[in-house]
Structures are given as structure tokens and as C-alpha cells.
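# Overview (structure and organization)
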Amino acid sequence: MANFKVSRVETTPFEGQKPGTSGLRKKVKVFIQPHYLQNFVQATFNALGADRVEGATLVVSGDGRYYSKDAIQIITKMAAANGVRRVWIGQNGLLSTPAVSAVVRERVGADGSKATGAFILTASHNPGGPHEDFGIKYNMENGGPAPEGITNKIYENTTTIKEYLIAEGLPDVDISTTGVSSFEGPKGKFDIDVFDSTSDYLKLLKSIFDFPAIQKLLSSPKFSFCYDALHGVAGVHAKRIFVEELGANESSLVNCVPKEDFGGGHPDPNLTYAKELVARMGLSKTHSEPNPPEFGAAADGDGDRNMVLGKRFFVTPSDSVAIIAANAVQAIPYFSGGLKGVARSMPTSAALDIVAKHLNLKFFEVPTGWKFFGNLMDAGMCSICGEESFGTGSDHIREKDGIWAVLAWLSILAYKNKDNLGEGNLVSVEDIVRQHWAIYGRHYYTRYDYENVNADGAKDLMAHLVKLQSSIDEVNKLIKGIRSDVSNVVHADEFEYKDPVDGSVSKHQGIRYLFEDGSRLVFRLSGTGSEGATIRLYIEQYEKDSSKIGRDSQEALAPLVEVALKLSKMQEYTSRSAPTVIT
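Residues numbered from 1 in each chain as written. Predicted model: local features only at pLDDT ≥ 70, side-chain atom pairs only at ≥ 80, totals over all residues. Heavy atoms only, no water.

### Here we look at the sheet that holds strand S1 (residues 2-3)
Strand order in the open sheet made by the eight strands is S1-S9-S10-S5-S4-S6-S7-S3, with mixed pairing throughout. Of all strands in the sheet, those with a lone pairing partner are S1 and strand S3 (24-27), marking the two edges. Judged from the four bridges that link them, S3 and strand S7 (residues 133-139) form a sheet pairing that is antiparallel. Residue pairing for S7: Arg-25 is matched across the bridge by Gly-135. Contacts between helix H2 (residues 36-48) and the sheet are confined to S3, strand S4 (57-62), strand S6 (117-121) and S7, with S7 contributing the most and set at about 10 degrees to the helix. (Pairing = 2+ DSSP bridges. Helix = DSSP H or I, 4+ residues; strand = E, 2+ residues; numbered from the N terminus. Contact = heavy atoms within 4.5 Å. Axes fitted to C-alpha atoms, helices over the stretch in contact; angles between N-to-C directions.)

Structure follows, in C-alpha cells:
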């Protein structure tokens, strides 16, 4: 058994190590500076305190993006030096964010140990590679992201840090082979356990869904399926789950080999970046696919986001969570006893609100950030939740879960088609969505993203929108001057949330304009970029009239889009004539 010593390394603070909604994200060139990653990791250990660190079991893994392998070795050596008892690493350092949450909550080590937290190495849907993004975040013993109380302490520590601890004489661990390596340090034994990346996650998913029913659907010659991991970590889980367990053809999987640079692409599952899947599903404007699959889905880099498509049909994430909630009790065994409640992020459309009202469910509107859902789930108040940014999940873990969402949709399709696989026409994704609209009405919805804009310009735009809210009459005069066919604003505010579980208050969570007819305009600065600022504009119009629910979304929303862009003076403040991405 090899021995190691603990070295104390002198360091000085770096500016800007403040974790955002999902940890610290910067360009790789920033992270590879000497001491940069080490400072943040030590600041995290110091924020957690000795009682949470010494003797702990920590998961250290991520989405496999560039610099992950080096970071795993650094964090492992620092964990050993800080008195951590054991580190668990997914084989090849690969674990999707939902799989990490599952491992923290569900895995029991050979010695009976349970994880007490995790370092997840990911920048989620941001590009990867030597010139792109890297990220790190800490998740707690419930498997969910660290709360603001912890992240604020981490940031405070980064501003005053003077030294970090690292193990000297601890060799790099071979993360390509499963097994346990044991070492001895000043505080006793230290183990590194490299384990299979999918087994614990798969076991949990099998306890939630009716796998034989999904297998029957996938084996039907009438049904075709396509899953695109965009060269992210979800590809590791996809082969095991969809092919080996559920019997899908391996040709159904696209871009399912994880790559450090995501194959040079942008691993964000939307209509702009998931080009190959969009073309295969018959939705490309330049390529006509003669026979698209019945169902398609994509993942982001770390596997927590999803995009759901039918044959030549796009399902908005806002509709997706509402439809899953409306069908969960019948189609998914895990929910057969009923739903405790549902929740959505504030910018997400109100489609879920209508379902909650119809089904008499508890409903919550929370700020963007999965930790707010986690609080509700830990308190037993929420079963299903979602964000418009392609994130959907349930209380089985404390992160959004892309593969869970795909299995939820496959479960609904299997349930709706249980009598159709022999004779009769399949109930399609489009059929399910249109039936939902006929019952609950349709929320026309779109999001405009202005990425990497000048940060000062973005702040000035938001300040301008807040100032306008001081006079609703003046706002309505401006709107009528832009489009006379748009309804009046009846309420405008900056969204503020008081957590019903812990009483904490989150302010400045987005600027809202709420219209008389149920329409909404929401403006937010996103916290997931690595440089500059990202402005997100959300535009929503509710339509109850069943004769008007079949319109093209961009056409239906055109008047509100014009109002939003002119009211905010978007081009004036950002110097952008068009958004980077429209979803």
C-alpha cells in the first residue's frame, strides 16, 4: 500500500471565481492557469467544513470535456490531502450529471459506504475543447446542486485563499479500468474506486419505468427511434439503456461516442445546434428526409437536458413537461400513486399551470436553477418539474435528467399505443401534443437568445426595462404605438421568490410583462455563459380557441416579438439585429 504526504501550497486569489446557477464556468485557458482549479476546490472544501470533508465519500466525474482527466487527478489528490476517506470515479471519468445525482443517492460501495457529495466537471451545454469551456460544480448529499449558502461561502473563500492542500506521492489513478486502489496518508486509509458509469443509474431508471412495455414499442416494425447524444456523456448511458436493455437498433444512436470537444459541435439540444437529428426527423429547411423516424431525441454535453421530436414535429420543452405531468399517473409506474405536486421555472410557459389546475395539483413557479426544485422535492411537495431550457425531471434524483425525459415520452407512447402495435395506426408524438392542446389550450412560445453580448449593454437594457415598469399606462401607450393588435399589460415586475421550504428570498430573477389575455414577455440575464452576457427573451401567448391552435408558432407570436424587441430597444443596447439562437 503506497503512502502519501500532505503538502501545503502557497497561493493567491483569482478574481471572478463566483459560481453561477450551475457552478464555475470559464474558458479552458483560464482553468489551466497554475493554482486556478486548486484554489476553487480548496475554497469548496473550506466552505463545507471539516465535519463534511474528513472521512467523506466523494464522487468526482463529469461529461468528459477537455481538461476533465487532468482535473480528476488534481481533485483526487486534494481530496486525499483534506482527509476525504474515499473518492468514487466513473469509468474513464464519465458520468452524466443525472447519473452523478443517482450515484450520490443510490450507490452503496462494497464496504457499505454512501457518497456524501460530488464534484461534477461540466460546462453543460457549452462547447468544449482547448479553446472552449470548462466547468466545475459541487453537489450535496441529496445529489442536488449546492445551495446559495454554500456557493456564497465558496466565493468568499476564493477572495482570501492563501494556501491549498494536495497529496504528495499519490500516483495518478488509472480511470480506464474499474477497481479499488488503496493508499495510506497522515489521516489514515484513502481509497479510489473506479466503477461502471451506468449500472447504478440504470437500476434506478428500471425501478421507475415499465421497461418491457417500452421494449415492446421499440421492437414494433411500425415504430422507429433516433437518439443523438451530440458526442456528450449521455452516449455512454444510451448504448447500455436503449440498445442493450430496450432492444433498439444500434443504428438508432447518433453521435453517441463522447469526445473532449463534442466533435467540434455545440452540445446544446435545440433546433439550431442538433442539426443532424433535426434533418433526420424531417425538420431541416435545407434537407428533405423522405421517411423520418416516429420519435427522436437529443441530449446536451452532460446529459441533463433533452429535446423531443416527432416525425416532422418539434415539442417545446414547456409543452413536454406539461404533457408528461398530464400522463404520468397512467403511463409511468413510479407515479401510479399520484403526483405530490408540479413545478416550473418562471420563464417556462404556463402550460404546466393549466394541467395542475385541471388535475388539482400543488403548483410552484420558481426561479431558474434546479436547486429550487430540489428544495420542494426534499420536502415531498413536488414530483415532476421542468425548465424551458430543455430540462425536465422528477423527484427520483435532484438534477434534471435527459434520458429520464426520453423514457417518460417512450412510456407515454407505449401506453397510448398498447392496442395499436398489431393493427391500426400509431398514435404519434404530434397526435399526443395536439390532443393535449385540444384539452388544455395551446401556449405559443419561443425564446430568443442573444449570446456573448457586451455586459454593460445588457445591464443597461435590463435597467431600461425596470424603469419602464414604473408606469404601466406609459408602457401600454408605447405598445399600442408599435402594434395596436397586442393586448394591454396588466402587471409588470421583477420576479421574486420566497422559498416555501426554507423561507429564503431570491430577488431580481427576471423582468416580467404580463398581458390581459395571458400573454407574457420575460427578459433574463443568463448565468450559464463563460464570457460576456447572454440575454434571454421569452415570448408566450395562450390560445384557448381550438380553431386557432394549429397556427405556425413564429407567425402567431410575430406581434409580441415586434413589441418585445422595440420596447426593450434590443438592437440599440446590444448592437445585434438578430438573436444568436431561436428556440
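Still more to cover.
### Some remarks on the packing of helix H9 (residues 234-245) against helix H14 (residues 402-416)
The geometry of H9 relative to H14 is characterised by a closest axis approach of 11 Å and an angle of 30 degrees between their N-to-C directions. In this structure, H9 meets H14 at a crossing whose hand is right-handed. Residue-level contacts link Ala-234, His-237, Ala-238, Ile-241 and Phe-242 of H9 to Ile-403, Val-406, Leu-407 and Leu-410 of H14. Its residues assigned to classes, the contact of H9 with H14 comprises eight nonpolar, one polar and no charged. (Left-handed = near helix turned anticlockwise from the far one by under 90°. Nonpolar A, V, L, I, M, F, W, Y, C, P; charged D, E, K, R; others polar.)

### Here we look at the pairing of strand S10 (residues 188-195)
S10 sits mainly inside the fold: six of its eight residues count as buried. Sheet topology note: the strand S5 (residues 86-90)/S10 ladder contains five bridges and is parallel. Bridging across to S10, Trp-88 finds its partner in Asp-193. Of the strand pairs in this sheet, strand S9 (residues 179-185) and S10 are connected by seven bridges, and their pairing is antiparallel. Bridge pairing in S10 links Phe-183 to Phe-190. Turn length for the S9-S10 hairpin, with the two strands adjacent in sequence and antiparallel, is two residues. (Buried < 20%, exposed > 50% of the residue type's maximum accessible area, 1.4 Å probe, protein only.)

### Considering the sheet that holds strand S18 (residues 384-387)
Read from one edge of the open sheet, four strands run S17-S16-S18-S19, paired in mixed fashion. At either margin of the open sheet sits one strand with a lone partner, and together these are strand S17 (363-366) and strand S19 (391-394). Going from strand to strand, the sheet's axes swing by 15 degrees on average, the running direction of each strand aside. On top of the sheet, helix H11 (residues 317-331) reaches strand S16 (342-345), S18 and S19; it is set at about 170 degrees to S18, its chief contact. Against the sheet, helix H13 (residues 370-378) engages S16, S17, S18 and S19, with an angle of about 170 degrees to S18.

### Some details on the UniProt feature "domain: Alpha-D-phosphohexomutase alpha/beta/alpha" (unreviewed entry) in the protein
Mapped onto this numbering, the UniProt entry gives "domain: Alpha-D-phosphohexomutase alpha/beta/alpha" (unreviewed entry) at residues 17-164, 200-309 and 318-419. Within the segment residues 17-164, helix and strand shares are 38% and 20% respectively, and the terminal C-alpha atoms sit 15 Å apart. Across residues 318-419, the secondary structure splits into 46% helix and 16% strand, with the terminal C-alpha atoms separated by 29 Å. (UniProt positions renumbered as here; feature names shortened; annotations may be inferred.)

### Description of the packing of aromatic side chains
Summed over all chains, the structure comprises 18 aromatic pairs. Centre to centre, the rings of Phe-314 and Phe-390 are 6.4 Å apart; their planes meet at 40 degrees, and the pair counts as tilted. On the criterion of sequence distance, the pair formed by Phe-314 in strand S15 (residues 313-315) and Phe-390 in the loop between S18 and S19 is long-range, its members being 76 residues apart. With a relative accessible area of 3%, Phe-390 lands in the buried category. Between the aromatic rings of Tyr-334 and Phe-335, the centroid separation amounts to 4.9 Å while the plane-to-plane angle is 85 degrees, which identifies the pairing as edge-to-face. The class for Tyr-334 is partly exposed, based on a relative accessible area of 34%. Since its relative accessible area comes to 2%, Phe-335 is described here as buried. Among the aromatic side chains, those forming a connected cluster through ring pairs are Phe-14, Phe-31, Tyr-36, Tyr-67 and Phe-134. In this structure, Lys-418 packs its charged tip against the face of Tyr-415, placed 4.1 Å from the ring centre. Over the face of the ring belonging to Trp-437 we find Arg-442, whose NZ or CZ atom lies 3.9 Å from the ring centre. (Phe/Tyr/Trp six-rings, centres within 6.5 Å; stacked < 30°, edge-to-face > 60°. Lys NZ or Arg CZ within 6 Å of the ring centre and 35° of its normal.)

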